[in-house]
Amino acid sequence: MDVSRGRVVAAAAGLTLVAGITGGVVGALAAGSDEPARPAAAAPAGGTSCDVSAVAARVFPSLVTIHVQGGAASGLGSGSVLDGDGNILTNDHVIAPGAGGSVTVDFARGPAGVPATVVGRDPATDLAVIRVDKNAARLSPIAVGDSSALVVGQPVVAAGSPLGLNSTITAGVVSALNRYVDVGQGEEPAALVNAVQTDASINPGNSGGPLLDCAGRQVGVNSAGAQTPQGGGGSIGLNFAIPIGFAMSVAEQLIESGRAQHSMIGVLSVTVTDEMAGSTGLPRGAYVEQVLPGLGAARGGLRAGDVITQIGGTAVNSTDQMLVAVAEHRPGDTVEIGYQRGGTAQKADVPVTAP
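Keep in mind that this is a model prediction, so the values were computed, not measured.

Before going further, it helps to spend a moment on the overall build of the chain. On a plain count of helices and strands, the chain comes out with six helices and 20 strands. Across the chain, every contact between residues at least 6 apart in sequence was considered, and the portion connecting residues at least 24 apart equals 67%. Element-wise, carbon and sulfur atoms account for 51% of the exposed surface of the chain, whose accessible area totals about 14,200 Å².

Laid out in structure tokens, this is it:
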């Protein structure tokens, strides 16, 4: 698979984000049963010792390599077994070269070359679900952790096949939370929503594999790593994973209907930076430049010039944080939005809609 497909320039940081798409096996964590994946409490946070060898031992029964072939395009990536029905979670950019072609799966502790079908793709969030026949292999669903309980400094483990080196484990910590990482290419917009930043190495080949807590539960989907503008390959300690809570909400929609809906409130905004706040007296937040007619914000009474500071109880200091907070709600929900207008704090109930 052409690694360049996963590149975008993060201008503010002067870095290149490279999706980990070339290489093989992904680590997915074993629950040790054929029961569907279910949420579990996160492992203790930062400062707790992490038995990486135990995490590695648990991961392999759910580990798969995904091979794709579509015309002249081919490649491989990683995925984690979600349930006893054969559903497997991965990144969309792993599957994309095989669209309209063939997809097969190799189980790390089972058969190889198992045919798979694409259940659903969501390029906008870089997530996809494929499925194998539930009788084709002994399925060990991954244990699902609680990504909302992650804290900065917490030990984590990434599993996958960087550069084709199968069943590789790397360890690190949660470096930051709630990142909004633009990984779109050209006319194919895509973003890692509410991404977990980690210094656990994520290289080409890790894509679609799990980021794990110290109890061996998946808390993220490894998706991208940064490189310097000069390239040179290898992780530099700036890597990103999609939080499993968000990934599971998309996966459930893909399994149910083959597609995922995306949430919006209908505003165009810019970030009120510290500098802007100091010179204008506005609060940090998302400054509304335009309210789109007929959508949620307009129906909730928001206007151009308002500064959104809170979404559903979550503080908003930027447009990116606003997008992340909105994405955590589904179309049809109503969310309380806190905003400032003319120096006065106000609130409004705003319907969440789909594009």
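Within the fold, Thr 319 resides in helix 6 (residues 319–327). Residue classification places Thr 319 among the buried positions, given a relative accessible area of 13%. Non-local contacts of Thr 319, meaning those with residues more than four positions away in its chain, are made with Ser 269, Val 270, Thr 271 and Ala 286.

A few words on the environment of Arg 109. Structurally, Arg 109 can be placed in the loop between strand 6 (102–107) and strand 7 (114–122). Here the alpha-carbon distance between Arg 109 and Leu 139, two residues 30 residues apart in the chain, equals 9.7 Å. Aside from chain neighbours lying at most four places away, what touches Arg 109 is Phe 60 and Pro 61.

The subject of this paragraph is the nonpolar core. With 26 residues, the main nonpolar core has Leu 89, Leu 127, Leu 192, Val 221, Ile 242, Ile 244 and Ala 247 as its most contacted residues. Of all the elements in the fold, those that place two or more residues in this core are strand 8 (127–132), strand 11 (191–198), strand 13 (218–227), strand 14 (239–243) and helix 3 (244–257). With seven residues, helix 3 is the largest single contributor of residues to this core. Discounting chain neighbours no more than four positions away, the residues touching Val 221 are Leu 89, Asn 91, Leu 127, Gly 208, Gly 209, Phe 240, Ala 241, Ile 242, Ile 244 and Ala 247. With 19 residues, the next largest nonpolar core counts Ile 265, Ala 286, Tyr 339 and Ala 348 among its residues.

What we call a disulfide is simply a covalent bond connecting the sulfur atoms of a pair of cysteines. Using the criterion set out here, one finds one disulfide in the structure. Two residues share a disulfide in this structure: Cys 50 and Cys 214, whose sulfurs sit 2.2 Å from each other. Residues Cys 50 and Cys 214 share a disulfide whose torsion about the S-S bond is about -115°; that sign makes it left-handed. One end of the pair, Cys 50, is in the loop between strand 2 (15–19) and helix 1 (52–59); the other, Cys 214, is in the loop between strand 12 (210–212) and strand 13, with 164 residues separating them in the sequence.

Time to look at the sheet that holds strand 8. Strand pairing in a sheet relies on backbone hydrogen bonds. The paired strands run either parallel or antiparallel. Judged by pairing direction, the barrel is antiparallel, and its six strands sit side by side in the order 3-4-5-8-7-6 before closing back on the first. Across the sheet, the mean angle separating the axes of adjacent strands is 40° when strand polarity is ignored. Examined bridge by bridge, strand 4 (residues 73–81) and strand 5 (residues 87–90) share two bridges and lie antiparallel to one another. By the bridge assignment, Val 81 is partnered in strand 5 with Ile 88. Contacting strand 5, strand 7 and strand 8, helix 3 runs over the sheet at an angle of about 55° to strand 8.

Turning our eyes to something else, we now look at the environment of Phe 240. Secondary-structure assignment places Phe 240 in strand 14. The sequence separation of Phe 240 and Ala 224 amounts to 16 residues, and the corresponding C-alpha distance is 5.3 Å.

Our next topic: the environment of Thr 170. Inspection of the secondary structure assignment puts Thr 170 in strand 10 (residues 168–182). When its relative accessible area of 18% is taken as the criterion, Thr 170 is described as buried. As a C-alpha pair, Thr 170 and Asp 199 span 29 residues in sequence and 9.3 Å in three-dimensional space. Sequence-distant contacts of Thr 170, that is, excluding residues within four places in its chain, are made with Val 156, Val 157, Ala 158, Ala 200 and Ser 201. Here Ser 201 takes part through its backbone oxygen, which lies 3.0 Å from a polar atom of the side chain of Thr 170.

With that settled, the discussion passes to the pairing of strand 20 (residues 344–351). As paired elements, strand 19 (residues 334–341) and strand 20 share eight bridges and run antiparallel to each other. Its bridge partner being in strand 20, Gln 340 is matched across the sheet by Ala 345.

Attention now moves to the layout of surface pockets. Of the pockets and cavities examined, the largest pocket occupies roughly 1,100 Å³. Every residue lining the largest pocket is counted, 47 residues in all, and those nearest its centre are Val 193, Leu 323, Val 324, Val 326 and Ala 327. Contributing elements (two or more residues each) for the lining of the largest pocket: strand 10, strand 11, helix 3, strand 15 (267–272), strand 18 (314–315) and helix 6. No other element matches helix 6, which puts eight residues into the lining of the largest pocket.

Here we come to the pattern of salt bridges. All chains considered together, the criterion is met by six salt bridges. For Lys 347, the salt bridge identified is with Glu 336, shortest N-O distance 3.8 Å. One end of the pair, Lys 347, is in strand 20; the other, Glu 336, is in strand 19, with eleven residues separating them in the sequence.

Turning to the pairing of strand 5, a few remarks are in order. Side chains of strand 5 alternate between two faces, with Asn 87 and Leu 89 and Ile 88 and Thr 90 buried alike. Where strand 5 lies against strand 8, four bridges are found, and the strand directions are antiparallel. Bridge assignment links Asn 87 to a residue of strand 8, and that residue is Arg 131.

Within helix 1, burial applies to Val 55, Ala 56 and Val 59. Seen end-on, helix 1 carries its buried residues on one side only, within an arc spanning 100°. Seen from the buried face of helix 1, the exposed residues on the opposite side, beyond 90 degrees, are Ser 53 and Ala 57. Elements in contact with the buried residues of helix 1: strand 3 (63–70), strand 9 (155–160), strand 10 and strand 12.

So, how was this worked out
Numbering of residues starts from 1 in every chain and runs along the sequence as written. Predicted model: local features are reported for residues with pLDDT of at least 70 only, side-chain atom pairs are reported and counted for 80 or more only, and whole-chain, interface and lining totals are derived from all residues. Hydrogen atoms and water are omitted, and side-chain values are computed over all heavy atoms in the structure. Under the DSSP-based scheme used, a helix requires at least four consecutive residues in state H or I and a strand at least two consecutive residues in state E, with every element numbered from the N terminus. A contact between two residues is defined here by any heavy atoms of the two lying within 4.5 Å. Note on areas: Shrake-Rupley with a 1.4 Å probe; residue coverage comes only from the protein chains shown. Summary of the burial criterion: residues with accessible area below 20% of their type's maximum are buried, those above 50% are exposed, and those between are partly exposed, where the area comes from a 1.4 Å probe applied to protein chains only. Residue types Ala, Val, Leu, Ile, Met, Phe, Trp, Tyr and Cys, when buried and joined through side-chain atoms within 4.5 Å, form a set referred to as a nonpolar core. In this description, the term disulfide denotes a pair of cysteine sulfurs within 2.5 Å. Strands qualify as paired when DSSP identifies two bridges or more between them. Fitted lines through C-alpha atoms give the axes, limited to the stretch in contact for helices. The angle between two N-to-C directions lies from 0 to 180 degrees. In protein, a polar contact requires one atom able to donate a hydrogen and another able to accept it; more generally it is a pair of N or O atoms within 3.5 Å, and residues adjacent in sequence count only if both atoms are side-chain atoms. Put plainly, a pocket is an open set of points on a 1 Å grid over the protein atoms alone with protein on both sides within 12 Å along at least five of seven lines, a cavity is a set where a 1.4 Å probe fits but cannot get out, and a lining residue has an atom within 4 Å of a point. Grid points are joined across faces, edges and corners, and a volume is the space filled by probe spheres set on the points. A carboxyl oxygen of Asp or Glu within 4 Å of a side-chain nitrogen of Lys or Arg is what we treat as a salt bridge. To be clear, the arc concerns the directions from the helix axis to the C-beta atoms.

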